[in-house]
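Read off the chains here:
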Amino acid sequence: MKASVGAEEAKWNSVHSFLFLAFCIGTAVEAYIYSLSYIATSWVTIPKTLLAILAIWSPLWLLIGGAVAGPLADSVGRKRTLYITLAIYAVGAAGLIFSYTYLTILIFVGLLLFASGGEYNTIMTATHELFPRKNRSRALFLELNFTNIGGSIAAILALLSITSITAQRELLGVTLLISLLVMYIIRLRLPESVMWLEAKGKANQAEGELKKYYGAQMASDSLVKPARLPSVWFRIIIGGVIGWAYTAGFSLIVLTLGPYFFPSLTDWLIFVFGVVAFIAGFIGLVADRFNRKPMLLLSAIAVVVFGYLFIPTLKYWLTETLIFWVLFIGVSIFINIFFLAEDTLKSEIWPTKRRGLYTAIVRVISLGGSIPVLFLAVNLPILSYIWLGIGIFAAGLMAAAAWYVWGVETSKGQSVRIWD
């Protein structure tokens, strides 16, 4: 009899609803903060040679935050780690409000990004363990989709206060502090991962959490594992490459395209992508009905094909705004579906004891790999810049094809305990 089986088989209740709300707000805040370092390019006068520093600031500190929080969550638990990142958020948000120089902006945005990287890594890890197996894919798809609305909220607030840099900075900071207070209140009602407690040998605590929060009993384990599981190294390579393809490609198409080529459009690019991607992301409502492997592969193909359309139409969309926005909206839809599929996959294919660590490792690869790309892109002409983005997503396509051939299916209610 196992508590983890009882947690996976439990029916959806109010605790799952609170978990879902807490994690949706958490991913939205992560994207809100990720967008800040790009919106901040307008807060102070920055030489073009230093734009690359702001461009890599987000992936750098998200990387460090995830690298710290991954093993921390495996050591002290998912719930405690989420409280730690929340405290760091509060310090960073308060400091941001009073940041008036390039240096202080970098410091406090960096602190926020550090907490954000840790928070996001822990949410990805915990979702697979805290929700019923029949609902976990749908829950994570929809949680991750709130990253889109977070970026749009930041862009809207920036646009509303565009006439005053001080007002913009203060509005963004105060809104973040209010969000953190709401997150804290909700998290007081959340459980620890029953799977993690059981994996750490804390069977009595696991049973206690199961009864207290889920109202369920321990159940016998009838799990049937696949005959063959891909090696850890194969999983790390695939997770790292698909994550890198999204992070670097998304940054080029959405975040740095504005600062590098169209400064007046930076906030609008973030806003439009967020809204379009958020709407497309409701494919998560049926995420448990589709196989993950073909969804990942087909979305990667669509991104590469639609992204290529920017090349033969270059001279038209550089002069005709409508053509540009049609292409941008189209590629945004497929980028987001690819994102939802790859982020879900790369966090579910690990043993419970090390899920935080391995999720952090593939995120370090993806975020770290995007840093040299963003440095390189700052000096490229627009045509080469677009080709670079297409090439990066093509690498993600090859990784998705490799997983389609040699990976295993993880959706349709599959238990994550197969990896234990």
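Please refer to the structure higher up on the page.
These notes cover the structure that comes with them. (Residues numbered from 1 in each chain as written. Predicted model: local features only at pLDDT ≥ 70, side-chain atom pairs only at ≥ 80, totals over all residues. Heavy atoms only, no water.)

**Structural notes on the nonpolar core**
Right, on to step 1. Among the nonpolar cores identified, the biggest contains 122 residues, and Phe23, Tyr89, Phe328 and Phe338 are the most heavily contacted of them.
Right, on to step 2. The biggest single contributor to this core is helix H15 (residues 321-348), with twelve residues. (Core = buried A, V, L, I, M, F, W, Y, C linked by side-chain atoms within 4.5 Å. Buried < 20%, exposed > 50% of the residue type's maximum accessible area, 1.4 Å probe, protein only. Helix = DSSP H or I, 4+ residues; strand = E, 2+ residues; numbered from the N terminus.)

**Here we look at the packing of aromatic side chains**
Right, on to step 1. A full pass over the atoms with the stated rule returns 19 aromatic pairs.
Right, on to step 2. Each ring, one from Phe338 and one from Phe393, has its centre 6.3 Å from the other, and the planes form 80°; the classification is edge-to-face. A residue pair is termed long-range when its members are at least 10 positions apart, and Phe338 in helix H15 and Phe393 in helix H17 (residues 382-406) qualify at 55 residues. Both residues of the pair, Phe338 and Phe393, count as buried.
Right, on to step 3. Ring geometry for Trp350 against Tyr358: centres 4.9 Å apart, planes inclined by 25°, an arrangement best described as stacked. (Phe/Tyr/Trp six-rings, centres within 6.5 Å; stacked < 30°, edge-to-face > 60°.)

**Digging into the side chain of Ser251**
Right, on to step 1. Mapped onto the elements of the fold, Ser251 is located in helix H10 (residues 232-255).
Right, on to step 2. A distance of 2.7 Å separates the side chain of Ser251 from the backbone oxygen of Thr247, its partner in a polar contact. (Polar contact = N/O pair within 3.5 Å; in protein donor to acceptor, adjacent residues only side chain to side chain.)

**Considerations on the pattern of salt bridges**
Charged atoms that come close allow side chains of opposite charge to pair.
Right, on to step 1. Applying the stated criterion across every chain yields a total of eleven salt bridges.
Right, on to step 2. Glu8 serves as the salt-bridge partner of Arg417, at 3.0 Å between the closest nitrogen and oxygen. Of the two residues, Arg417 is situated in the segment after H17 and Glu8 in helix H1 (residues 3-9); the sequence distance between them amounts to 409 residues.
Right, on to step 3. With a closest N to O distance of 3.1 Å, Glu207 and Lys211 form a salt bridge. Note that Glu207 and Lys211 are positioned in helix H9 (residues 203-214) at a spacing of four residues, about one turn of the helix.
Right, on to step 4. For Glu207, a relative accessible area of 24% puts it in the partly exposed group. (Salt bridge = Lys/Arg side-chain N within 4 Å of Asp/Glu carboxyl O.)

**Brief notes about the environment of Arg78**
Right, on to step 1. Along the chain, Arg78 falls in helix H4 (residues 78-97).
Right, on to step 2. A sequence separation of 132 residues divides Arg78 from Leu210, and the C-alpha atoms of the two residues are 15 Å apart.
Right, on to step 3. For Arg78, the side chain forms a polar contact with the main-chain oxygen of Ala73, separated by 3.1 Å.
Right, on to step 4. In terms of polar contacts, Arg78 uses its side chain to reach the side chain of Asp74, at 2.8 Å.

**Re a positive patch on the surface**
Right, on to step 1. Taken together, the side chains of Arg80, Lys200, Lys202, Lys353 and Arg354 define a basic patch exposed on the protein surface.
Right, on to step 2. Mapped onto the elements, Arg80 comes out in helix H4.
Right, on to step 3. Taking the relative accessible area as the measure of exposure, Arg80 reaches 56% and is therefore exposed. (Patch = residues over 30% accessible without salt bridge, like charges linked within 9 Å, V, L, I, M, F, W, Y side chains within 5 Å. Areas by Shrake-Rupley, 256 points an atom, 1.4 Å probe, with all protein chains shown as cover. Lys, Arg positive; Asp, Glu negative; His and termini not counted. Charge placed at Lys NZ, Arg CZ, Asp CG, Glu CD.)

**Describing the packing of helix H16 (residues 355-377) against H17**
Right, on to step 1. Axis separation between H16 and H17 bottoms out at 11 Å; the angle between their running directions is 165°. When the interaxial angle is binned, H16 and H17 end up roughly antiparallel. At the point where H16 passes H17, the crossing takes the right-handed sense. Along the contact surface, H16 presents Val373, Leu376 and Ala377, while H17 presents Tyr385, Leu388 and Ile392.
Right, on to step 2. Taken together, the residues of the contact of H16 with H17 sort by class into six nonpolar, no polar and no charged. (Axes fitted to C-alpha atoms, helices over the stretch in contact; angles between N-to-C directions. Parallel < 35°, antiparallel > 145°, perpendicular 65-115°, else oblique. Left-handed = near helix turned anticlockwise from the far one by under 90°. Contact = heavy atoms within 4.5 Å. Nonpolar A, V, L, I, M, F, W, Y, C, P; charged D, E, K, R; others polar.)

**Structural notes on a nonpolar patch on the surface**
Right, on to step 1. Where nonpolar side chains cluster on the molecular surface, the patch consists of Leu181, Tyr184, Ile185 and Leu188 and spans about 410 Å² of accessible area.
Right, on to step 2. Structurally, Ile185 can be placed in helix H7 (residues 165-187).

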